[in-house]
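# Overview (structure and organization)
What follows is each chain in one-letter form.
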Amino acid sequence: MKVQHFLGGIENLGPVAVEKRVFVEPWEAQLFAVHTTMMGTGIWAWPDLRVLAEGMSPLDYFKYRYYIKWLGGMCHFLVAKNYISEKELEERTKHFLEHPDAPLPNSGDNAVTERVIEYFYTGANPYRDVAVDPLFKVGDKVRVKDMPPAVHTRLPGYLRNKVGVIDTVYKGAYLYADNVPTDGISTTQPVYLVKFKTRDLWSDIPDKGDVLYNDCFEVYLEAA
Amino acid sequence: MSDDHDHEHHHHLRESESYYAARTKALESLFREKGMIGIDTVDRVIRFFEHEMGPFNGAKVVAKAWTDPAFKARLLADANKAIAELGLKDGIEGENLRVVENTSAAHNVVCCTLCSCWPWPLLGLPPYWFKDPVFRARIVREPRGVLADFGVSLPEDKRIDIWDSSAQVRYFVIPERPAGTEGWPEEKLAALVSTEAMQGLGLVSA
C-alpha cells in the first residue's frame, strides 16, 4: 500500500503551511511551463506524473516541495522514454551550475507555443458520449469497495468500506486513462457523486452534521 | 571517510535551489535544441497564467453571481455554460466545472486528497497550501482546525460540505457576500474576493 493513496484523515500532522504563492522560486515557473509544453504536445498527461508521485518513498513525498517532486518526476520520465539522455541532462545541469547566467540556446520551435496555449483552452475532457447503463440511481446506498492495491488509483483511501448515498449520476461516461496501470478505471464507465456523512467516515469526530462529497468511478462502488 | 564526505557533498548539491534551477535550465535548453519547445514558450505560458487564466476570472464570476440572481441560478445549474456569458473560456482542468454556494446554513471547502485537482479556468494555478500534504490530510477529517490555520472561524452551528475532487469535476465556491456592499459595482466587489475564499478557505469582508 502507498501512503499517497491514504493521505485523507491522517492525524497529528500539525498546522498547514499557508503559503498562498503558486511559485516560490523562479525556476518553478520555468519548470511548470516545460511541463505544460509536455502536456500540450502529447509527451505526457497528468496520470503519468501522478504515477511517479505515488511511486515515491512516502517520506520523500512529505519532505520535498511540490515542484521539486515534479522536477524529479519529469527528468525521470524524459530519460526513461528516451526524449533526452541521462548523460546530456547531467552535463547540461553541470554547465548551468557552473554558469548560472549562461544563455539558453537561441533555437526552438515557436509553433509549439501556440499549440500549448490552444491546449489550455481545449483541455482534455475525459467525457465520452457513449451509451451506458449505470448500475446505481440517485438515492441508492452504496459501499465503496476495498479495491486491491494498485500502482495508481483515484479512490481516496479513507473512503474504502464506507457507505454513502448516490447524489448525482453524471450523464454519459468518463475515461480516466488507458495508458497507466490503474485499479479498474482504464475503461470508460459511469461516475457518481457520492455523499457521505463525515461521522460515518470517522466515528470519533464531533458530530457537526458535516458532509463529504466525492466523485466515484463505478468500478469502486457496490450496492449497500 | 572521504567517500562519505563526497557522498554528502554530492547529496547536498543535489538538494539546493541552485541545483534545481540549473537542472530546470538544462531541461528547457535540451527541449529548445530538440525543437520540443519554442524560444518564447516559457514566457508566454507564465504570462498566460498572470493575465488570462487566473483568480481574477473567478472573482468576476462571484461578483456577477452576487449581483444577478438569475445568473447565479444558471451558474449553479451549468457552470461551463454560464461563465461563457461573461466571455470566459473553460479548458484544461475545468472541462467539467461545478459551482457551489456558501449560505448561512452551510460552508463549502474544496480539496484534492489524491493530488492537486483545481479549477484552472476560474482560478489559474493552485497555490502551495492546496498541494500541501498536511492540508490534504487534515481538511477532510478536521476542517474546522484547518480553517483556523487560515484564520477562519465559522458559527458553531454551521455545517461544512467538503468536496474532495478525484474524478472529472472541478469545484468552485461562491463565498457569502459581505454586509455593507449593497449597490457596489461588480468590479469593486470582485476586488474583495481572494483565491482562498473561492475554495472555501477564506471569507470575504468589505
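Residues numbered from 1 in each chain as written. Chains lettered and ligands numbered in written order. Predicted model: local features only at pLDDT ≥ 70, side-chain atom pairs only at ≥ 80, totals over all residues.

Domain assignment breaks chain B into domain 1 (2–39) and domain 2 (55–199). For domain 1 of chain B and domain 2 of chain B, the distance between their C-alpha centres works out to 37 Å. (Domains from an automatic or database assignment.)

Turning our eyes to something else, we now look at the environment of B:T195. Residues and elements named next belong to chain B. Within the secondary structure, T195 is located in the segment after α11 (186–190). Placed 147 residues apart in sequence, T195 and F48 show a C-alpha to C-alpha distance of 17 Å. Filtering out sequence-adjacent residues up to four positions away, T195 remains in contact with P55, L123 and P127. (Helix = DSSP H or I, 4+ residues; strand = E, 2+ residues; numbered from the N terminus. Contact = placed C-beta atoms within 7 Å.)

With 78 residues of chain A at the interface, the matching set in chain B holds 68 residues. Mapped by element, the contributors of at least two residues to the side of chain A that touches chain B are α1 (26–40), α3 (58–63), α4 (66–80), α5 (86–98), α6 (111–122) and β6 (211–217) of chain A. Ranked by residues supplied to the side of chain A that touches chain B, first place goes to α6(A) with nine residues. When grouped by side-chain class, the residues that make up the side of chain A that touches chain B number 48 nonpolar, 18 polar and twelve charged. Pairing geometry for β6(A) and strand β3 (residues 159–164) of chain B, over four bridges, is parallel. Bridge pairing in β3(B) links A:Y213 to B:W163. (Nonpolar A, V, L, I, M, F, W, Y, C, P; charged D, E, K, R; others polar. Pairing = 2+ DSSP bridges.)

On to the UniProt feature "domain: Nitrile hydratase alpha/Thiocyanate hydrolase gamma" (unreviewed entry) in chain B, then. UniProt tags residues 19–201 of chain B as "domain: Nitrile hydratase alpha/Thiocyanate hydrolase gamma" (unreviewed entry). Taken end to end, residues 19–201 of chain B is 45% helix and 12% strand, and its first and last C-alpha atoms sit 34 Å apart. (UniProt positions renumbered as here; feature names shortened; annotations may be inferred.)

Residue and element names in this part refer to chain B. Most of strand β4 (residues 170–174) sits out of view: five of its five residues are buried. Burial of the side chains of β4 extends over both faces: R170, F172 and I174 are buried on one face and Y171 and V173 on the other. Bridge analysis of strand β1 (residues 97–101) against β4 gives five bridges, and the strand direction is parallel. Along β4, the bridge assignment pairs V100 with V173. (Buried ≥ 20, exposed ≤ 12 C-beta atoms within 10 Å, placed from the backbone.)

Before going further, it helps to spend a moment on the domain arrangement of chain A. Residues and elements named next belong to chain A. Taken domain by domain, chain A holds domain 1 (3–122) and domain 2 (128–223). Opposite the ten residues of domain 1 that make contact, domain 2 presents ten residues. Taken together, the residues of the side of domain 1 that touches domain 2 break down into four nonpolar, three polar and three charged.

To continue, consider the sheet that holds strand β3 (residues 163–169) of chain A. Read across the sheet, seven strands follow the order β7(A)-β2(A)-β3(A)-β5(A)-β6(A)-β3(B)-β2(B) without closing on themselves; strand pairing throughout is mixed. The strands lining the two open edges of the sheet, one partner per strand, are β7 (221–223) of chain A together with β2 (106–111) of chain B. In this sheet, adjacent strand axes meet at a mean angle of 35° when their direction is disregarded. For strand β2 (residues 141–144) of chain A and β7(A), the ladder comprises three bridges, and the chain directions are antiparallel. Bridge pairing links A:V142 to A:A223 in β7(A). (Axes fitted to C-alpha atoms, helices over the stretch in contact; angles between N-to-C directions.)

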